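# What the coordinates show
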Amino acid sequence: MTAVSRTVRIGSSHGLHARPAKLFAQAAKDAGIPVTIAKDSGKPVNAASILGVIALGVEHGDYVTLTADGDGADAVLDTLSELLTTDHDEDPA
């Protein structure tokens, strides 16, 4: 099985700071397969590591590349991509 990659643009208006990073890392952990995230052409980090995700310093509008390897990788990337492209900094209505 080959790894699947997807590049997405960050939607949260304050980037991947604590709250969106926590949501993302938890979802990556729950996926049950290895997932990495890389900013631009930087070194990939474990997407399930909240500290690793925050350390990337991802800002609003930055592009990141997600890579997943395992059963259901496409579905996992669909879910994670949606989390990243959503603005989690808007006040809930």
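Residues numbered from 1 in each chain as written. Predicted model: local features only at pLDDT ≥ 70, side-chain atom pairs only at ≥ 80, totals over all residues. Heavy atoms only, no water.

### Some remarks on the sheet that holds strand S4 (residues 63–68)
Pairing in this open sheet of 4 strands is antiparallel, and the strands run S1-S4-S2-S3 from one edge to the other. Each edge of the sheet is formed by a strand with only one pairing partner; in this case those strands are strand S1 (4–9) and strand S3 (45–46). Summarising the sheet, strand S2 (residues 35–39) and S3 pair through 2 bridges and their orientation is antiparallel. From the neighbouring strand, Ile37 faces S3, where its bridge partner is Val45. Of the strands in this sheet, S1, S2 and S4 are in contact with helix H3 (residues 73–85), which crosses S1 at around 10 degrees. (Pairing = 2+ DSSP bridges. Helix = DSSP H or I, 4+ residues; strand = E, 2+ residues; numbered from the N terminus. Contact = heavy atoms within 4.5 Å. Axes fitted to C-alpha atoms, helices over the stretch in contact; angles between N-to-C directions.)

### As for the pairing of S2
Sheet faces and side chains relate simply in a regular strand, where the side chains alternate between the two faces. Pairing geometry for S2 and S4, over 5 bridges, is antiparallel. Note that in S4 the partner of Thr36 across the bridge is Thr67.

### Remarks on the pattern of salt bridges
Under the definition given, this model contains 3 salt bridges. One salt bridge in this structure joins Asp78 and Arg6, with 2.5 Å as the shortest N-O distance. Placement of the pair is Asp78 in helix H3 and Arg6 in strand S1, with a sequence separation of 72 residues. Measuring nitrogen to oxygen at the nearest pair gives 3.4 Å for the salt bridge that ties Asp62 to Lys39. Within this pair, whereas Asp62 is found in the loop between helix H2 (50–55) and S4, its partner Lys39 is found in strand S2, the two being separated by 23 residues in sequence. Here the salt bridges share partners, and the residues they tie into one network are Arg6, Asp74 and Asp78. (Salt bridge = Lys/Arg side-chain N within 4 Å of Asp/Glu carboxyl O.)

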